[in-house]
Amino acid sequence: MPSLLEKHLQKDLLRFLTCGSVDDGKSTLIGRLLYDAGLVPDDQLATLRADQFKRGLSEPDLSLLLDGLQAEREQGITIDVAYRYFSTEQRKFIVADTPGHEQYTANMVTGASHCQLALLLVDARKGVLSQTRRHLAVVRLLGLQHVAVVVNKLDLLNYNRETYLQIEEQIQALGQQLGLQDLHCFPISAVTGANVVHRSEQTDWYEGLTLLNWLEEVEVQTSIDGEPFRFPVQFVSRPHQDFRGYMGTVTAGQISVGDEVLLLPSQADNQVKQIVGVHGEQPSAQRGEAVTIVLEKETDLSRGEVLVLKKEAPMIVTDQFEANLVWFGDQPLRPGKRYELRLGTVAVPATIKRLLHRLEIQTMQELPSPQLERNDLGRCELALEKAIPCDRYEDLPATGSFILVDRVTDNTIAAGMITATASRQVVWHQGRVDKALRSQLKGQTPKVLWFTGLSGSGKSTLANALEQRLHELGYHTYLLDGDNVRHGLNRDLGFQEEDRAENIRRVGEVSKLMLDAGLIVLVSFISPFKSERQQVRELMNPGEFFEVFVDTPIEVCEERDPKGLYKLAREGKLPNFTGISSPYEPPDNPELILNTHQMSQEENLKQLLSVLRLS
Amino acid sequence: MMSEHLKQLEAESIYIFREAAAQFERPVLLYSIGKDSSVLLHLALKAFAPGKLPFPLLHVDTTWKFKEMIQFRDQTAERLGLELLVHTNQEGLDQGIGPFSHGSRVHTDVMKTQALRQALDKGQYDGIFGGARRDEEGSRAKERVFSFRNTHHQWDPKGQRPELWQLYNGRLQPGESMRIFPLSNWTELDVWLYILQEQIPVVPLYFAKERPVVERQGTWLMVDDERMPLEPGERPQNRMIRFRTLGCYPLTGGIDSTAQSVEELLEEMLQSRSSERQGRLIDQDQAGSMEKKKREGYF
């Protein structure tokens, strides 16, 4: 066989990501790489020249080799992930090209999820920008260990060595801070081609490899030694009675015929009888190989289950975990909604229970936030409807990454990387739907918030505002208000002492039923007597009842007098009116004291959310 | 000895095949007889061995394919014991639509794009395997491996589902479908290297041979049957040519070559510097023409 052909049959494959903005000259750089390496076909060169002539350019616009869709060509920007392929005799390269603007973080994450290495552009005239920091942070988050930083446009600075060294120093410091292992800088001009494929006389002070040389030589394969075996079952093959094979791709580690395995989540044990690969039977298989595994003992495995090695550390099986999420949805993330979670080959309904924080990618700061918007990154707690085997992304990316799919639109609306798993005993509830199950489905902890205070103290306004806010956050709520209840359920009750007590008792019971339904119940009642409030408290479990005292002084309430009741009471026309003709007993130890004359509504809401642990 | 990069591509394609077979109820493999289809079929057989293919093959026949292609198609189906479905747009045929009488644009639209839609609607397929590769043309570079089509078989390049890691979202509503491209990350070079390594049979038209040709728009068109209109006094000449891609013979240009085996062809390719679809007249109708066709439902 001719030697040139033989070389092409021995090369390996490197997938890399390019990030940086149009202005940094990214497309031009890749165009230059292809052009100087002699990889641009003649007919494409002809198209380039025609374009150059049409637009009256002095040099062909090499960026055109990369930009794909018509609209983008016209606008001169890349908007999505585009893939480009080229190969030298050493390596085949798959380039995922992603846009650099801040609003495209999601695209960058998508590109990075397919890559082993990132190539990051920095405009030498601008130096390290917040964007550079953001790109490096995303690269780190996705677990890419190798980064090439192209310090571009050096031609515009007369190939100034000092500027380059300064930038290099900053980049290295940043890399260290983020924990990136392998970071290389290159002094480059994509327009003139300096140090892309060929060295340049202009940068005789640079002694390192050219970009292409480095890309051809960098070692990116990680060893499978010590990596635990993972095999998510993808497809069950039953061509005839005597053969049942489990098809799938080994996502980590290795396995041999005779190995003892566990099936997850069932934990049943078994043994490998046979491994069938792309060229027939083989004694073992390792990460990356698509094989069919036949087991000794007859069993009924199905898609979504995972084979692991018995002798290795156990794989976590859990129905809840914490994860970094990248949000793609047009609608913001709101905790509480159900999605379909896809991890490995399993699909299971899941709820985002809580948004722990949003990650401000520029500064890597974790900020509290009620929601995530498109392109935001954040840490969440997820609850799954059944326990599945999974890993931390950092340990094993293939079994630690997932997507969330909107069950109505079918769109992929988030990508996730598991950061922490909680091993939890899975309790099977047999045939009885109880409070725990109802609230699990809603992704919330049911509670009763009992607002007490004088008429006009602002209880109802506050309870209304809180319900509004909780609803926006995706919680299931119900507001019981004195006036509403008296129009229906308690229509038969008056304002004598007995009736007022019965009024509170009934509302207490209704709150309890709603609590049992898994709701967050807001109750806004004057409820002036300690003993009655105590009775209601005792209906609930500890930690479920929150007494909120709206401590607005009577002078303020009377001045507000929204319904003109104080006036009537002063005139003696309303007997038993709390604060005037009937006492109000303030709580001794309420869970929260608020007032509406010194504190703003926003401050009050903040306190309420924090006491509910929802902020 | 198997090349590391081909091994990775092969495993990736097999994964995609299995994933689609598990996620869709009525998959079908669009078989277009060319080298990419040969590789696609080879990978599909590997993906499900020792079982049978869990889906049929579908060929959309414009009635203008090279005779050798049809022969190869039927032999392949018979040799491998495959279920092969052939569909032709009968209306188009009745109207006498063809590339010579109506031009490549109308012919492709009626006999390929519309015919494909008819066949897909008829079979109610939800997952359709195709052999397209991202390196073939600019607009394909951004297409997903699982590429969503609405109920009218249309592609929306701006509304594609994000595709991360190896997690393919195949959820569909009734009437919607997914085109699945297991060869997305393969290049023409990879395809030929793999054909060499795996000894995969391909249509002999890919290898140089003396063939009767006429010159049209700077390329050699083979006179495959009597439907080829000749200029007054024009006679086909015999030339050593081969084809880089195969389609309808009046729309597929041949190139001068002496390569008579896969090795020779690869040698020639490694030295040549012309991209693959150049011989296809279909892409050169208008700027951005492939993107237009794809939006309308062309593969």
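Remember, predicted model here, so these are calculated numbers, not experimental data.

### Overview of the overall build of chain B
Within chain B one finds eight helices and ten strands. In chain B, which comprises 299 residues, the share counted as buried stands at 63%. Taking the contacts inside chain B whose residues are at least 6 apart along the sequence as the reference set, 74% of them involve residues at least 24 apart. When the accessible area of chain B is evaluated, it comes to approximately 11,500 Å², of which 47% is carbon and sulfur surface.

### A short note on the overall build of chain A
The helix and strand tally for chain A stands at 16 helices and 28 strands. A globule of 615 residues ought to have a C-alpha radius of gyration of about 25 Å, yet chain A, at 32 Å, is considerably larger. Dimensions of chain A along its principal axes, counting C-alpha atoms only, are 110 × 70 × 40 Å. Approximately 27,400 Å² of chain A is accessible, and the part contributed by carbon and sulfur atoms is 47%. Here chain A holds 65 positive side-chain charges and 84 negative ones, and the gap between their average locations is 4 Å.

### So, unusual backbone geometry
Cis geometry is adopted by the peptide bond preceding Pro 265 of chain A, which originates at Leu 264 of chain A and carries an omega value of 10 degrees. Mapping Pro 265 of chain A onto the fold places it in the loop between strand S11 (260–264) and strand S12 (269–277). With an omega dihedral of 5 degrees, the bond running from Ala 49 of chain B to Pro 50 of chain B counts as a cis peptide bond. With respect to the helices, strands and loops of the structure, Pro 50 of chain B is situated in the loop between helix H2 (35–48) and strand S2 (57–60).

### A few points about the sheet that holds strand S5 (residues 146–152) of chain A
Residues and elements named next belong to chain A. Reading across the sheet, the six strands line up as S2-S3-S1-S4-S5-S6 and stay open at both edges, with mixed pairing between neighbours. With one partner strand each, in any of the chains shown, strand S2 (82–87) and strand S6 (182–187) form the two edges of the open sheet. In this sheet, neighbouring strand axes are inclined to one another by 25 degrees on average, regardless of whether the strands run parallel or antiparallel. Pairing of strand S1 (residues 12–19) with strand S3 (residues 91–97) involves seven bridges; the strand directions are parallel. Pairing of Thr 18 across the sheet is with Asp 97, part of S3.

### Focus on helix H6 (residues 130–141) of chain A
All names here are of chain A. Here H6 is twelve residues long and its end C-alpha atoms lie 16 Å apart, about the 16 Å a rise of 1.5 Å per residue gives. In terms of burial, H6 is largely enclosed, as nine of its twelve residues are buried. A positive phi of about 80 degrees marks Gly 143, the residue just after H6.

### Section: the side chain of Glu 532 of chain A
Within the fold, Glu 532 of chain A resides in helix H13 (residues 530–539). It turns out Glu 532 of chain A is buried and unbridged, and the closest side chain with the opposite charge, Arg 500 of chain A, is 6.6 Å from it.

### A few points about the confidence of the model for chain A
Residues and elements named next belong to chain A. Across chain A, pLDDT averages 88, with 94% of residues at or above 70. Confidence, read as mean pLDDT per element, is least for helix H4 (residues 70–75) in chain A (50) and greatest for strand S7 (residues 231–232) (98). Low pLDDT (under 50) marks residues 424–431, which in the prediction has six contacts with non-local residues, meaning those over four places away or in another chain.

### A closer look at the nonpolar core
Phe 16, Leu 142, Leu 211 and Leu 215 of chain A together with Phe 17 of chain B are the most contacted members of the largest nonpolar core, which has 156 residues in total. Sort the elements by how many residues they give to this core and helix H1 (residues 4–23) of chain B lands first, with nine residues. Those residues in contact with Leu 215 of chain A that lie beyond four places of it in its chain are Leu 14, Phe 16, Leu 33, Arg 91, Phe 93, Leu 117 and Leu 119 of chain A. Judged by nonpolar contacts, the second largest core, of 24 residues, contains Phe 321, Leu 341, Leu 343 and Ile 418 of chain A.

### A short note on the sheet that holds strand S3 (residues 84–87) of chain B
Residues and elements named next belong to chain B. Taken together, six strands build an open sheet; the order of strands is S3-S2-S1-S4-S6-S5 and the sheet is mixed. Two strands close off the open sheet at either side, each with one partner strand: S3 and strand S5 (146–149). With direction set aside, neighbouring strand axes in the sheet form an average angle of 30 degrees. Sheet topology note: the strand S1 (residues 27–30)/strand S4 (residues 127–129) ladder contains three bridges and is parallel. Bridge pairing in S4 places Leu 29 opposite Phe 129.

### Describing the packing of H1 of chain B against helix H6 (residues 188–198) of chain B
Packed helices, taken two at a time, are described by the angle between their axes plus the distance between the axes. All names here are of chain B. Viewed as axis vectors pointing N to C, H1 and H6 meet at an angle of 95 degrees, and their least axial separation amounts to 11 Å. By the angle between their directions, the pair H1 and H6 is classed as roughly perpendicular. Contacts between H1 and H6 involve His 5, Leu 6, Leu 9 and Glu 10 on the former and, on the latter, Asp 190, Leu 193, Tyr 194, Gln 197 and Glu 198. Residues of the contact of H1 with H6, tallied by class, amount to four nonpolar, two polar and three charged.

### Structural notes on the interface of chain B and chain A
Accessible area lost during the coming together of the parts is what is often quoted as the interface size. On the side of chain A, 74 residues touch chain B, which itself brings 68 residues to the contact. Of the roughly 5,900 Å² buried at the junction of chain B and chain A (both faces included), carbon and sulfur atoms supply 57%. Among the ionic pairs, Glu 19 of chain B bridges to Arg 303 of chain A, the shortest N-O distance being 2.6 Å. If you list the elements that add at least two residues to the side of chain B that touches chain A, you get H1, H2, H6 and helix H7 (262–271) of chain B. Its residues assigned to classes, the side of chain B that touches chain A comprises 29 nonpolar, 18 polar and 21 charged.

### Focus: the environment of Val 106 of chain B
Residues and elements named next belong to chain B. You can see Val 106 is positioned in helix H5 (residues 99–123). Counting along the chain gives 15 residues from Val 106 to Glu 91, while the straight-line C-alpha distance between them is 13 Å. Every residue in contact with Val 106, bar those within four places of it in the chain, is listed here: Ile 97 and Met 111.

### Focus on the environment of Arg 125 of chain A
Residues and elements named next belong to chain A. Mapped onto the elements, Arg 125 comes out in the loop between strand S4 (117–123) and H6. Among the residues examined, Arg 125 registers a relative accessible area of 45% and is labelled partly exposed. Note: C-alpha distance between Arg 125 and Val 81 (44 residues apart in sequence) is 27 Å. Residues contacting Arg 125, with those up to four places away along its chain left out, are Lys 153, Leu 156 and Leu 157. One polar contact links Arg 125 to Asp 123, side chain to side chain, over a distance of 2.9 Å.

### Re the pairing of S2 of chain A
Residues and elements named next belong to chain A. Burial analysis of S2 places six of its six residues in the buried class, the great majority of the element. Judged by which residues are buried, S2 turns out to be covered on both faces: Ala 82, Arg 84 and Phe 86 on one side and Tyr 83, Tyr 85 and Ser 87 on the other are all buried. Examined bridge by bridge, S2 and S3 share six bridges and lie antiparallel to one another. From the neighbouring strand, Arg 84 faces S3, where its bridge partner is Val 95. Connecting the antiparallel pair S2 and S3 is a turn made up of three residues.

### A few points about the pairing of S4 of chain A
Residue and element names in this part refer to chain A. Burial of S4 is extensive: seven of the seven residues sit out of reach of the surface. Neither face of S4 is exposed, since Leu 117, Leu 119, Leu 121 and Asp 123 on one face and Ala 118, Leu 120 and Val 122 on the opposite face are all buried. Across four bridges, the pairing between S1 and S4 is parallel. Considered in S4, the bridge of Thr 18 is made with Leu 119. Alignment of S4 against S5, held across seven bridges, turns out to be parallel. Paired with Ala 118 across the two strands is Val 147, which belongs to S5. Considered for its hand, the β-α-β crossover made up of S4, H6 and S5 is right-handed.

### Notes on the pattern of salt bridges
Residues and elements named next belong to chain A. Counted under the stated rule, the structure contains 57 salt bridges over all chains. In this structure, the salt-bridge partner of Arg 358 is Asp 376, at a minimum N-O distance of 3.9 Å. Of the two residues, Arg 358 is situated in strand S19 (residues 346–360) and Asp 376 in the loop between strand S20 (365–367) and strand S21 (377–390); the sequence distance between them amounts to 18 residues. Per residue, the accessibility class of Arg 358 equals that of Asp 376, and both read buried. Residues joined in a network through salt bridges with shared partners are Asp 123, Arg 125, Lys 126 and Lys 153.

How each quantity is defined
Residues numbered from 1 in each chain as written. Chains lettered and ligands numbered in written order. Predicted model: local features only at pLDDT ≥ 70, side-chain atom pairs only at ≥ 80, totals over all residues. Heavy atoms only, no water. Helix = DSSP H or I, 4+ residues; strand = E, 2+ residues; numbered from the N terminus. Buried < 20%, exposed > 50% of the residue type's maximum accessible area, 1.4 Å probe, protein only. Contact = heavy atoms within 4.5 Å. Areas by Shrake-Rupley, 256 points an atom, 1.4 Å probe, with all protein chains shown as cover. Rg over C-alpha atoms; globule rule 2.2 N^0.38 Å. Lys, Arg positive; Asp, Glu negative; His and termini not counted. Charge placed at Lys NZ, Arg CZ, Asp CG, Glu CD. Pairing = 2+ DSSP bridges. Axes fitted to C-alpha atoms, helices over the stretch in contact; angles between N-to-C directions. Expected span 1.5 Å × (residues − 1). Salt bridge = Lys/Arg side-chain N within 4 Å of Asp/Glu carboxyl O. pLDDT = per-residue confidence, 0-100. Core = buried A, V, L, I, M, F, W, Y, C linked by side-chain atoms within 4.5 Å. Parallel < 35°, antiparallel > 145°, perpendicular 65-115°, else oblique. Nonpolar A, V, L, I, M, F, W, Y, C, P; charged D, E, K, R; others polar. Buried area = accessible area lost by both parts, 1.4 Å probe. Polar contact = N/O pair within 3.5 Å; in protein donor to acceptor, adjacent residues only side chain to side chain. Right-handed = clockwise from strand over helix to strand, strands pointing away.

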